[in-house]
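This is what each chain is made of:
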Amino acid sequence: MAKVCWSGERSTNIEYAEFRVGAFSLLDDTVMEQLPQASGGLAAGKCAVGIGSLVHTHFDVDVLVEVWDEAPPVLDGQEPLGEASIAVRSGIFAVYDFWGAPQGEPIPLCGPARYALRVYRFPMERPGAVPVGDAVGLETYAIHVWRVLGEAGDPPALLE
């Protein structure tokens, strides 16, 4: 049975109707790779995923990130926004704003590998969410991350 290995909340700012998540690295700008427009869904790159928002710009959203030891079950009664797989060569993950600035502390994974992400978007406040400061966002997100087969250098993919 799948177990959560790490869980934490981050807050980020929506610009041009999206924000990003992906590999954390001080050595290069992998998170700023050119991605297609997320358009309310997901846009996968080699090391980052753009997450589309229903709000356009200048809004804060809360993001719950959970790192799992294997593929987690789909949340009861929730339709995922989408799934993608990316390379995380550093073994460290982060939530970024649209401009590529990491939001909060980097998130430890299980070493360099290929990881899958399942993203959920909730209107207003996600049930059980812990408010970040006094702000309550228009949307909240949950992102489940787990290691998958494949090499950290394999091409990106939107998963079905």
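Residues numbered from 1 in each chain as written. Predicted model: local features only at pLDDT ≥ 70, side-chain atom pairs only at ≥ 80, totals over all residues. Heavy atoms only, no water.

J.: Talk me through the nonpolar core; I want residue IDs and the actual numbers.
T.: By size, the foremost hydrophobic cluster in this structure holds 29 residues, and its most contacted members are Phe19, Val21, Ile51 and Phe93. Going through the elements one at a time, strand 2 (18-23), strand 3 (42-44), strand 4 (48-52), strand 5 (59-68), strand 6 (82-88), strand 7 (92-96), strand 9 (113-123) and strand 10 (139-148) are the ones with two or more residues in this core. Leaving out residues up to four positions away in the same chain, Phe19 has contacts with Thr12, Asn13, Ile14, Val49, Gly50, Ile51, Val61, Val63, Val95, Tyr96, Phe98 and Tyr141. (Core = buried A, V, L, I, M, F, W, Y, C linked by side-chain atoms within 4.5 Å. Buried < 20%, exposed > 50% of the residue type's maximum accessible area, 1.4 Å probe, protein only. Helix = DSSP H or I, 4+ residues; strand = E, 2+ residues; numbered from the N terminus. Contact = heavy atoms within 4.5 Å.)

J.: Could you give an account of the pattern of salt bridges, naming the residues involved and the relevant values?
T.: Inspection of every chain in the model, using the stated rule, returns one salt bridge. Notably, a salt bridge pairs Glu83 with Arg118, separated by 2.5 Å at the nearest N-O pair. Here Arg118 lies in strand 9 and Glu83 lies in strand 6, a separation of 35 residues in the sequence. A residue is classified by how much of its surface remains accessible, and Glu83, at 16% relative accessible area, is buried. (Salt bridge = Lys/Arg side-chain N within 4 Å of Asp/Glu carboxyl O.)

J.: Tell me about the environment of Ser11, and name the residues and values.
T.: As for its placement among the helices and strands, Ser11 is situated in strand 1 (residues 4-14). Taking relative accessible area as the criterion, Ser11 reaches 25% and is therefore assigned partly exposed. Placed 51 residues apart in sequence, Ser11 and Asp62 show a C-alpha to C-alpha distance of 4.4 Å. Engagement of the side chain of Ser11 in a polar contact is seen with the backbone oxygen of Val61, the distance being 3.5 Å. (Polar contact = N/O pair within 3.5 Å; in protein donor to acceptor, adjacent residues only side chain to side chain.)

J.: Would you mind going over the pairing of strand 4 in detail, with residue names and values included?
T.: With five of five residues buried, strand 4 is to be regarded as a mostly interior element. Burial along strand 4 is two-sided: the face carrying Ala48, Gly50 and Gly52 and the face carrying Val49 and Ile51 are both buried. Where strand 2 and strand 4 come together, five bridges link them in antiparallel fashion. Looking at the pairing, Arg20 lines up with Gly50 of strand 4. Relative to strand 4, strand 3 is paired through three bridges, and the arrangement is antiparallel. Looking across to strand 4, one finds that Leu42 is bridged to Ile51. Linkage of strand 3 to strand 4, two consecutive antiparallel strands, is achieved through a turn of three residues. (Pairing = 2+ DSSP bridges.)

J.: Lay out unusual backbone geometry in plain terms, naming residues and giving numbers.
T.: In this model, Tyr16 sits at a positive phi of 50°, which is unusual for a non-glycine residue. Assignment of secondary structure puts Tyr16 in the loop between strand 1 and strand 2. Given a relative accessible area of 46%, Tyr16 falls into the partly exposed group.

On their own, these measurements won't tell you what the molecule is for.
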